Amino acid sequence: MSDKSGNGLLLVTPPKGLWKDAVEKPRESTQPLGIAYIAAAVRQGGHPAEILEAHALGLSGESIREKIESMRPKVVGISCLTPQWSDVQAAARIAKTVDEKIVTVVGGPHVTALPEETAADPSVDIAVIGEGEETIQDICNTVAAGGDLSSVKGIALEIGGNVVRTGPRPKITDLDSLSFPAHDLLPDPATYNPLPTWGRRGHFSSILSGRGCPYYCSFCDVTAQQGKQYRLRSAGNIVDEMEWLNKDYGISMFSFRDPSVVCHRKRLLEICRLIRERGLDIVWNCNSRADEVDLEMLVAMKQAGCYLIKYGIEVGNAEMIKSIKRMEKTQVEQAVSDTRRAGISPHGYFMFGFSDETEATMEETAVFARKLDLDSAGFMILVPFPGTREFERYQSEGRLLTKEWREYDYMNKPVYRNANVTSDQIMRAHRRAYRRFYLRPRILALHLRKMASPQIFFNYLQAARQVFR
Ligand code: B12
Ligand code: SF4
């Protein structure tokens, strides 16, 4: 693409607040792996690619404009989570004002849920549906050849005033065939600053062991986005990436961000064996469902450097756990106690605001979080993202208060009218749960010990402000 059609592809992560020209640098950030996979695929396809991490670096609209003016890319790609939509529109507008002929391509979870709405934006040329590695290669090849973009599968675009979807693009089945994410195009690893409750041990990176999820929990869109089947990388391929990042980038702390690292017992034990066999001096944390672990797995994980497991628990009411997570409450209790026995720190995620929520169920959640032997907990206000069962239910009952997508943020007030509890009750329950969980001597002492650096101390302080405001 460099010869015939300018200087390749520029990928931009949208900075928060770009839409109102008041960009904020996030206090926590992790590598944007989706974008880094896209950049690697484009390069593998023979086209030049660059990443502008405007999100993590908190770059202004002016910096984005300058970068586009100096690089003169033929294609600008932007990633989009739901609350980022206004910032994505602003970034696409900047690209178009530099040069109307730049092809603007937007992908990510929000776009996959609402491709037509995305492609209808006057500054967006193409909305990419689902995983984008093969689609972006086709787009770059087509742009370079001056071809017809409507021949590219897996996109939505405007043709003759109508937004149309092209044919479906099959999911990538062999994830080992993908190039590792293009870490060389991302800023220095020291830029990234994970959540304070994760602790810190040297440089950090996120990593993905697979895509897809068979569960379809009511608030989550991963199944709708990535498909109902787990598609797994092999143990060897995953540990190769960890070893590469450890040797070439000095990364010694990893976080598996997909739900599937524990889902396949044999593969998990193989990952643990390879980490030990190769003598990697690393630590790692991961997400898990409580019904997917057992003590033997947890002991092997501990021996391979796993120090923290984050369980999606969500609520304390047994019936609600069943309907939201398709899981038993006793399985949560067992998993947390086995995790503790294996010497790994258990973390729980909880949410307030499900459509069946009442004052009593919110109280049950706060009590359950305290009763479980957890070291840390994250409480959130439910956001019904498009593509989830919660969204469908709130929408069909006419209870959504807004479709201003930037309001769809876990840190915001509820964007719906719950049938049984008011927004104030939800927000109060949320803040109270934090206080009741953290203001206990054992938990306070544990987290004070984690404040090993001024940066971590500052992150805790910022988090505490949210809760005690
Ligand atoms: C790591 C992570 C984060 C990281 C980094 C996010 C990032 N920029 O990549 C951090 C911690 C910053 C984060 C923040 C948030 N996150 Co998050 N996060 C994840 C997580 C765990 C993994 C993401 C990932 O790496 N996926 C794997 C990669 C390969 O997939 P991908 O990023 O979707 O990219 C592929 C395609 O979407 C597509 N694609 C994506 N972008 C582009 C761009 C172009 C040009 C093209 C062609 C293709 C393309 O191709 C990629 C490769 O196949 C997912 C859950 C999950 N398992 O996916 C949630 C998830 C993406 N997060 C989610 C949410 C809601 C958030 C927050 C909005 C939470 C909040 N505060 O309310 C914030 C956003 C804050 C902000 N303003 O940016 C939701 C998204 C729902 C939605 N519809 O938006 C998810 C799905 C979790 C969930 N179950 O609800 N998150
Ligand atoms: S919350 Fe986790 S287990 Fe549930 S559907 Fe989402 S990714 Fe799967």
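In what follows, the accompanying structure is described. For clarity, every value in this text was computed on a predicted model and none was experimentally measured.

**Examining the overall build of the protein chain**
Here comes step 1: A count of helical and extended segments in the protein chain gives 18 helices and 15 strands.
Here comes step 2: Here the protein chain has a C-alpha radius of gyration of 22 Å; the compact-globule value for 469 residues is 23 Å, and the two agree.
Here comes step 3: Considered along the principal axes of its C-alpha atoms, the protein chain spans approximately 65 × 55 × 40 Å.
Here comes step 4: For the protein chain, with 469 residues in total, the buried portion stands at 46%.

**Re the sheet that holds strand 8 (residues 203-207)**
Here comes step 1: Sheet architecture is open: six strands sit in the order 8-11-12-13-14-15, paired in parallel fashion. Looking along the sheet, the strands with just one partner apiece sit at the ends: strand 8 and strand 15 (376-381). Strand-to-strand twist in this sheet, taken as the mean axis angle between neighbours without regard to direction, amounts to 20 degrees.
Here comes step 2: Bridge count for strand 12 (residues 283-288) against strand 13 (residues 306-314) is five bridges, and the pairing is parallel. Note on strand 13: the bridge partner recorded for Trp284 is Cys306.

**What to know about the site of ligand 2**
Here comes step 1: Taken together, the residues surrounding ligand 2 are Cys213, Tyr215, Tyr216, Cys217, Cys220, Val222, Thr223, Pro259, Arg289 and Gly312.
Here comes step 2: Classifying every residue of the shell around ligand 2 gives seven nonpolar, two polar and one charged.

**So, helix 4 (residues 85-98)**
Counting along an α-helix, one turn takes 3.6 residues, and residues three or four places apart therefore face a common direction.
Here comes step 1: Compared with the 20 Å implied by 1.5 Å per residue over 14 residues, the 20 Å span of helix 4 between its first and last C-alpha is a close match.
Here comes step 2: What helix 4 keeps buried is the set Trp85, Asp87, Val88, Gln89, Ala90, Ala91, Ala92, Ile94 and Ala95.

**Some words on helix 14 (residues 359-371)**
Here comes step 1: Taking 1.5 Å per residue, 13 residues should reach 18 Å; helix 14 reaches 18 Å between its end C-alpha atoms and fits that length.
Here comes step 2: Of the positions making up helix 14, those classed as buried are Met362, Thr365, Ala366, Phe368 and Ala369. With its buried residues spanning 165 degrees around the axis, helix 14 presents them on a single face. Among the exposed residues of helix 14, those pointing more than 90 degrees away from its buried face are Ala360 and Lys371.
Here comes step 3: Among the structural elements, strand 14 (345-352), strand 15 and helix 16 (423-438) are those in contact with the buried residues of helix 14.

**Description of the site of ligand 1**
Here comes step 1: Gly34, Gly77, Gly107, Glu131 and Gly132 are the nearest of the 42 residues found near ligand 1.
Here comes step 2: Those elements giving two or more residues to the shell around ligand 1 turn out to be helix 1 (33-44), strand 3 (75-79), strand 4 (103-107), helix 5 (109-113) and helix 7 (133-145).
Here comes step 3: The dominant element in the shell around ligand 1, judged by the number of residues it contributes, is helix 1, at five residues.
Here comes step 4: In terms of residue class, the shell around ligand 1 is built from 20 nonpolar, 15 polar and seven charged.
Here comes step 5: For the shell around ligand 1, the two domains that each supply at least three residues are domain 1 (9-165) and domain 2 (194-467).

**Focus on the sheet that holds strand 5 (residues 126-128)**
Here comes step 1: The seven strands are arranged 2-1-3-4-5-6-7 in an open sheet whose pairing can be described as mixed. Edge positions in the sheet fall to strand 2 (49-52) and strand 7 (162-165), since each of these pairs with one other strand and no more. Strand-to-strand twist across the sheet, computed as the mean angle between neighbouring axes with direction ignored, equals 25 degrees.
Here comes step 2: The pairing of strand 4 with strand 5 spans two bridges and is parallel. The partner of Val106 across the bridge, within strand 5, is Ala127.
Here comes step 3: Against the sheet, helix 1 engages strand 1 (9-12), strand 2 and strand 3, with an angle of about 165 degrees to strand 2.
Here comes step 4: Strand contacts of helix 4: strand 1, strand 3 and strand 4, with the helix running at about 165 degrees to strand 4, the strand carrying the most contacts.

Conventions we followed
- Residues numbered from 1 in each chain as written.
- Chains lettered and ligands numbered in written order.
- Predicted model: local features only at pLDDT ≥ 70, side-chain atom pairs only at ≥ 80, totals over all residues.
- Helix = DSSP H or I, 4+ residues; strand = E, 2+ residues; numbered from the N terminus.
- Rg over C-alpha atoms; globule rule 2.2 N^0.38 Å.
- Buried ≥ 20, exposed ≤ 12 C-beta atoms within 10 Å, placed from the backbone.
- Pairing = 2+ DSSP bridges.
- Axes fitted to C-alpha atoms, helices over the stretch in contact; angles between N-to-C directions.
- Near = placed C-beta within 6 Å.
- Nonpolar A, V, L, I, M, F, W, Y, C, P; charged D, E, K, R; others polar.
- Expected span 1.5 Å × (residues − 1).
- Arc of directions from axis to C-beta.
- Contact = placed C-beta atoms within 7 Å.
- Domains from an automatic or database assignment.

Coordinates in, geometry out; function isn't part of it.
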